[in-house]
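Summary of the model geometry
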Amino acid sequence: MTRVVIIGGSGHVGTYLVPLLVNAGHKVVNVTRGQRAPYQPDAAWSKVETVTLDREVAEADGSFGGRIAALGGEIVIDMICFTLDSARHLVEALRGRVQHLIHCGTIWVYGHNATVPATEDQPHNAFGEYGTQKAAIEAYLLDEARRNGFPATVFRPGHIVGPGWAPLNPAGHFNIEAFNTIARGDELALPNFGLETVHHVHASDLARLVMAIIASRSTAVGEAFNAVSPQAVNLRGYAEAVYRWFGHEPRLRYLPFEEWKAGVSEEDAQATWEHIVRSPSHSMAKAQRMLGFTPRYGSLEAVQEAVRWLIAEGRVEAGNVR
């Protein structure tokens, strides 16, 4: 029985990953601030050891890495590392004490892509604090693996989707009113020509990918893997599909971004800009080749499941949804 410590295991991915680990026979320790329950109930959670620990506070006093190491995990899965200093702190505490550190990165390490679908050997063009910090973490971990033998693997999620939270919508932000506009059959404005792309991934597929990484440790150490659905979608195609789910013909109009953003909140405009300026589109060929992993959910299937949950919760109008 392998002891697995997952830092931030009650979130989007952990909701699916922790039960998979338990049911595979692992002893699981979930390190959490205690502020969130899993999005989906599962009997496996009764077998999980929970440790309440605020990472920010423990890093400030220098105790975090040591407290994680003291939990005795043979595998440590870090879902919530966002700065290079955090990564260094944890690695130094775990060096020589762990068999595998699996780090949750992001496709935003790419920034913009020269060619698509982007493969893992393409250069990083990260920008913005989140993307640049994640790129620095990834570079550090892979260098530690290749130069010093530290057993690290990175996976890079796209826009995580699942029942329990609002998905990135066809306008490129997270305001669920975009789905209500479509549910009513009203007109939805998209920026530019709606041809920028977004790349979702179902949280359950991310959990399955982590399990594949664990099962192929010797292959996975020192590697980074994209973690997305089989294909990206552009905003126009995404919107058209959602209109048809709700039994409507698409009613779209297109505006230059500067004109479009005047009709939405500053928060929504910023979120859309962050997504379309990157227009992610990534390949899953490496994970298939090296880990034998193929995602089960396409982008639209994953979003539809999330939207059905929003309808069941009364947050999105049912309309004529199919």
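This text follows the structure it describes.
For every chain, the first residue of the written sequence is number 1, and numbering continues from 1 onward in sequence order. In keeping with the model being predicted, local features are shown solely for residues with a pLDDT of at least 70 and side-chain atom pairs are shown and tallied solely at 80 or more, while totals for entire chains, interfaces and linings include all residues. The basis for every side-chain value is the complete set of non-hydrogen atoms in the structure, without hydrogens or water.

**Quick word on the overall build of the chain**
Helix and strand counts for the chain stand at 13 helices and 13 strands. Only C-alpha atoms enter the radius of gyration; for comparison, a globular chain is expected to reach 2.2 Å times N to the power 0.38, where N is the number of residues. Since a compact globule built from 322 residues should have a radius of gyration of about 20 Å, the 20 Å found for the chain is in line with a globular shape. Each of the three principal axes of the chain carries a C-alpha extent, and together these read 60 × 45 × 40 Å. When accessible area is computed with a 1.4 Å probe and restricted to protein chains, residues below 20% of their type maximum are described as buried, those above 50% as exposed, and intermediate ones as partly exposed. A total of 322 residues make up the chain; the buried ones form 56% of that total. Residue contacts are counted whenever heavy atoms from the two residues lie within 4.5 Å of one another. Pairs at least 24 apart in sequence give 77% of the contacts found in the chain among residues at least 6 apart. Method for areas: the Shrake-Rupley scheme with a 1.4 Å probe, in which residue coverage is limited to the protein chains shown. Surface exposure of the chain reaches about 13,700 Å², of which carbon and sulfur atoms provide 49%. In the chain, 29 side chains carry a positive charge and 34 a negative one; their mean positions are 6 Å apart. Starting at the N terminus, helices and strands are each numbered in turn, a helix being any DSSP run of H or I of at least four residues and a strand any DSSP run of E of at least two. For the purpose of counting charges, residues Lys and Arg are taken to be positive, whereas Asp and Glu are taken to be negative. His and the chain ends are not included. One atom stands in for each charge, and that atom is NZ of Lys, CZ of Arg, CG of Asp or CD of Glu.

**Some remarks on the packing of helix H4 (residues 84-94) against helix H5 (residues 129-148)**
In helix packing, the relevant descriptors are the interaxial angle and the interaxial distance, both defined with respect to the helix axes. Every axis in this analysis is a line fitted to C-alpha atoms, fitted for helices over the stretch in contact. Angles between the N-to-C directions lie between 0 and 180 degrees. H5 packs onto H4 with a crossing angle of 25° between their chain directions and a minimal axis gap of 8 Å. Considered as vectors, H4 and H5 are oriented roughly parallel to each other. Every pair of crossing elements has a handedness; the one defined by H4 and H5 is right-handed. On the side of H4, the interface is formed by Leu84, Ala87, Arg88, Val91 and Glu92, while H5 contributes Gln133, Ala136, Ile137, Tyr140 and Leu141. Under the grouping applied here, Gly and all other residues not named as nonpolar or charged are polar, the nonpolar ones being Ala, Val, Leu, Ile, Met, Phe, Trp, Tyr, Cys and Pro and the charged ones Asp, Glu, Lys and Arg. Grouping the amino acids of the contact of H4 with H5 by side-chain chemistry returns seven nonpolar, one polar and two charged. Here the angle decides the label: under 35 degrees means roughly parallel, over 145 means roughly antiparallel, 65 to 115 means roughly perpendicular, and every other value means oblique. Note on convention: the crossing is left-handed when the near helix lies turned anticlockwise from the far helix by less than a right angle, right-handed when the turn is clockwise.

**Things to note about the side chain of His159**
On the secondary structure map, His159 appears in strand E7 (residues 159-161). When residues no more than four places from it in sequence are discounted, the contact partners of His159 are Trp108, Leu168, Val198, His199, His200, Val201, His275 and Pro280.

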